[in-house]
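The lines below spell out each chain.
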Amino acid sequence: MTSAVVEIDDVTKTFDNLVAVSHVSLRVEQGQTLGLIGPNGAGKTTLLRLISSLAKPDSGDIRIHGTSVRTSPRAVRMQLGFMPAEFGSPRNLNIGEYLEYFGCMYGIPKTERQRRIGDVCTLTDLNGREEVMVKGLSTGNRQRLLLAKTLLHDPQLLVLDEPASGLDPRARTELRAIVRELASMGKTIIISSHILPDIEEISDQIGIMEAGRLVLDGNLDSLRSHYGAAQRVIKVRVLPEQRDLAISVLRSLDGVKSCELREQFLVIDTDEPTGNFVLAELLQHDIRILQFAEDAPNLEEIFMRSTAGKVT
């Protein structure tokens, strides 16, 4: 039986007259990865700072392994590792010195510190680079170093704010592999990102925020069901010279809510239980079908349908 590592109960946070987080409730179970997504200004970073006890809720409470961020922030910080979006730490150090500095800050005994530094460098592929100056690191290696620092005290909860920001495709792939490895070690992970395919791939649970509120929360299948039960997406590819006719035919059908051309495919939204009526109508008009598929909505489509671009 799993137990909740993070319990967020009706949390609100305001800055002057700005409501950054509004009545958010959420649970993250032991060993789960929560992907947190939303437009810029949705309140994601504020929520992560509240979880990490770097800010205090105006109302409601957050508990980490049962410990309240309101009453015991220091105890909470010892249980989690927070990786900020910005690299704001001293750079006039080499990698080894940087990790040694944070090892001291975490209170890791000197006899244990070097072993821990070696472990996190191995995990983040920084082994052998301990003498490299921090200020000269590429974006990808800076993110690796931030993650290594976050892991030094072996926290069971990781809170990662935009860890893939600015990374090239190869570095993003390597970061996903590290996150999956951490999850396989039993770590509970909360990760925010604007890169939806990454979140879709690595998350057990997804939360969508907008204007400070939690719009949707659940695993990908439940989010798909939320929309898929009422709306089916059909993709059809026809001969280029027959596209205009096919679009005209499809838009005239009862049950077709929209039909758009996207990258050589006609993408049809319908509330009918199957797409057979679309196929039959196209064949009746002698339209040659090259490809036909019924797709479950991906995370990007769910995100676009569930948000309106509002910011706090």
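Look a little higher up for the structure.
Residues numbered from 1 in each chain as written. Predicted model: local features only at pLDDT ≥ 70, side-chain atom pairs only at ≥ 80, totals over all residues. Heavy atoms only, no water.

1. Looking at the overall build of the chain
1) Next: If you tally the helices and strands in the chain, you get 11 helices and 14 strands.
2) Next: Across its three principal directions, the C-alpha atoms of the chain cover 80 × 45 × 40 Å.
3) Next: Taken over 312 residues, the chain has a buried fraction of 47%.
4) Next: Considering only intrachain contacts with a sequence separation of at least 6, the fraction spanning at least 24 residues in the chain is 68%.
5) Next: Accessible area of the chain: about 15,100 Å², with a carbon and sulfur share of 47%. (Helix = DSSP H or I, 4+ residues; strand = E, 2+ residues; numbered from the N terminus. Buried < 20%, exposed > 50% of the residue type's maximum accessible area, 1.4 Å probe, protein only. Contact = heavy atoms within 4.5 Å. Areas by Shrake-Rupley, 256 points an atom, 1.4 Å probe, with all protein chains shown as cover.)

2. Here we look at the sheet that holds strand E12 (residues 256-262)
1) Next: The strand order across the open sheet built from four strands is E12-E13-E11-E14, with neighbouring strands paired in antiparallel fashion. Each edge of the open sheet is held by one strand with a lone partner, namely E12 and strand E14 (289-295). Across the sheet, the mean angle separating the axes of adjacent strands is 20° when strand polarity is ignored.
2) Next: As paired strands, strand E11 (residues 232-238) and strand E13 (residues 265-270) are joined by five bridges and run antiparallel to one another. (Pairing = 2+ DSSP bridges. Axes fitted to C-alpha atoms, helices over the stretch in contact; angles between N-to-C directions.)

3. Notes on the nonpolar core
1) Next: By size, the foremost hydrophobic cluster in this structure holds 44 residues, and its most contacted members are Ile-37, Tyr-98, Leu-99, Leu-145, Leu-160, Ile-206 and Ile-208.
2) Next: Among the nonpolar cores identified, the runner-up in size contains 26 residues, and Val-11, Ala-42, Phe-82 and Met-209 belong to it. (Core = buried A, V, L, I, M, F, W, Y, C linked by side-chain atoms within 4.5 Å.)

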